[in-house]
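One letter stands for each residue in the lines below.
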Amino acid sequence: MIQIQALNKWFGDHHVLHDVDLEVAQGEVLVVIGPSGSGKSTLCRCLNRLESASSGTIRIDGVPVPEEGRELARLRADVGMVFQSFNLFQHKTVLENVVLAPMKVRGVGRAEAERTARELLERVGIAEQAGKLPARLSGGQQQRAAIARALAMRPKVMLFDEPTSALDPEMVGEVLDVMAGLAADGMTMVVVTHEMGFARRAADRVVFMDGGRIVETGRPDTFFEAPRTDRARDFLAKVLTH
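Just so you know, these numbers come straight off a predicted model, no measurement behind them.

Summarising the element assignment, alanine 232 is placed in helix 9 (residues 230-239). Measuring from C-alpha to C-alpha, the distance between alanine 232 and methionine 209 comes to 8.8 Å, with 23 residues separating the pair along the chain.

Feature annotation in UniProt assigns "domain: ABC transporter" (unreviewed entry) to the following positions: residues 2-236. Note that residues 2-236 is 39% helix and 26% strand, and that its end C-alpha atoms are spaced 27 Å apart.

Attention now moves to the state of the cysteines. One covalent bond between the sulfur atoms of two cysteine residues makes up a disulfide. In the structure shown here, the tally under the stated rule is zero disulfides. Free of any disulfide, cysteine 44 has its nearest cysteine sulfur in cysteine 46, 9.4 Å distant. A relative accessible area of 1% means that cysteine 44 is categorised as buried.

Our next topic: the sheet that holds strand 5 (residues 63-64). Sheet architecture is open: four strands sit in the order 2-1-4-5, paired in antiparallel fashion. What marks the edges here is a single partner per strand, and that holds for strand 2 (14-24) and strand 5. Inspection of the sheet shows strand 1 (residues 2-11) paired to strand 2 by seven bridges, in the antiparallel sense. Looking at strand 2, one finds that leucine 7 is bridged to valine 20.

Attention now goes to the pattern of salt bridges. Under the counting rule described, the total for this entry stands at 15 salt bridges. Residue arginine 231 pairs with aspartate 210 through a salt bridge whose shortest N-O separation is 2.8 Å. Of this pair, arginine 231 sits in helix 9 while aspartate 210 sits in strand 9 (residues 205-210); the two residues are 21 residues apart in sequence, bridging distant segments of the chain. Here arginine 233 makes a salt bridge to aspartate 230, at a shortest N to O gap of 2.4 Å. With a gap of three residues between them, arginine 233 and aspartate 230 both fall in helix 9, about one helical turn apart. Bridged by salt links that share partners, the residues Asp61, Asp78, Arg106 and Lys156 form one connected network.

A separate point is the nonpolar core. Counting residues in hydrophobic clusters, the biggest one holds 52 residues, and the most contacted among them are Ile147, Met158, Phe160, Met179 and Met189. At nine residues, the largest contribution of residues to this core is made by helix 6 (residues 169-184). Each residue touching isoleucine 147, except ones within four places of it in the same chain, is listed here: Val82, Val124, Met158, Phe160, Val175, Val178, Met179 and Leu182.

Now for the packing of helix 3 (residues 94-104) against helix 4 (residues 110-123). Two numbers describe how helix 3 lies on helix 4: the axes approach to 9 Å, and their chain directions differ by 130 degrees. Viewed along their axes, helix 3 and helix 4 adopt a mutual orientation that is oblique. Along this stretch, helix 3 crosses helix 4, giving a crossing that reads as right-handed. Contact residues: Val94, Leu95, Val98, Val99 and Met103 in helix 3; Arg110, Ala113, Glu114, Ala117, Arg118 and Leu121 in helix 4.

Moving on, we get to unusual backbone geometry. A positive phi is found at aspartate 19, a non-glycine position, where the angle reads about 45 degrees. Its place among the elements puts aspartate 19 in strand 2.

With that settled, consider the packing of helix 3 against helix 5 (residues 139-151). One can describe the packing of helix 3 onto helix 5 by two numbers: an axis separation of 8 Å at closest approach and a directional angle of 25 degrees. The orientation of helix 3 relative to helix 5 falls into the category roughly parallel. In this structure, helix 3 meets helix 5 at a crossing whose hand is right-handed. Contacts between helix 3 and helix 5 pair Val94, Asn97 and Val98 from the former with Ala145, Ala148 and Arg149 from the latter. Tallied by class, residues from the contact of helix 3 with helix 5 come to four nonpolar, one polar and one charged.

A few words on the pairing of strand 10 (residues 213-218). Here five bridges tie strand 9 to strand 10, and the two strands are oriented antiparallel to one another. Each residue of the ladder has a partner; that of valine 206, found in strand 10, is glycine 218. The hairpin formed by strand 9 and strand 10 contains two residues between the paired strands, and glycine 211 there has a positive phi angle of roughly 60 degrees.

Calculation rules
- Residues numbered from 1 in each chain as written.
- Predicted model: local features only at pLDDT ≥ 70, side-chain atom pairs only at ≥ 80, totals over all residues.
- Heavy atoms only, no water.
- Helix = DSSP H or I, 4+ residues; strand = E, 2+ residues; numbered from the N terminus.
- UniProt positions renumbered as here; feature names shortened; annotations may be inferred.
- Disulfide = S-S within 2.5 Å.
- Buried < 20%, exposed > 50% of the residue type's maximum accessible area, 1.4 Å probe, protein only.
- Pairing = 2+ DSSP bridges.
- Salt bridge = Lys/Arg side-chain N within 4 Å of Asp/Glu carboxyl O.
- Core = buried A, V, L, I, M, F, W, Y, C linked by side-chain atoms within 4.5 Å.
- Contact = heavy atoms within 4.5 Å.
- Axes fitted to C-alpha atoms, helices over the stretch in contact; angles between N-to-C directions.
- Parallel < 35°, antiparallel > 145°, perpendicular 65-115°, else oblique.
- Left-handed = near helix turned anticlockwise from the far one by under 90°.
- Nonpolar A, V, L, I, M, F, W, Y, C, P; charged D, E, K, R; others polar.

Encoded structure:
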């Protein structure tokens, strides 16, 4: 579903991604972990061209990620993205947030869009919040609304860029439970996160990044129990003992 070859990204003189090669199979849940500044979020944002690659190629479902224009808009319709900061339209109700893109981009009629939206809000556990403005919801509820909004476009791939890092600790679990449900349903997912428990539970494969490079990749049980590299061992020793 996703093919990345020799991906490089520079911000001025700062080389953020170094020759990244990665493939994600259809239905696979790939969790990307690593220290802050390791290039995780930049990699995630390159996948739908929120950041443009300096060199290298990215293909989604066999199609190169377009530079701009209608083809890029079409790609973004197929690649759902959930951000750290929710990014909901604050002046629209939760229901309106979810129906907007399917109607505007996919050309779905309002009745069908609303029916789908209500089903998705039920799925993420906030059906009763449909008529409220986002400001009246908790952070966890807002993030679940953002997930429903992304799912309303029926994407081929879902990208999550640190979706729980802005949440109070007690709200993290409710969002991770929704994500684990999507994983169990076979959604292709790339998840950038600091939540090691989610990586253990839901990932098919873990990618560990440091310094803009993929240092190690493997199944969660193997990676967490017996990391092969000193850098991964050092990282896990710090994050798993606190």
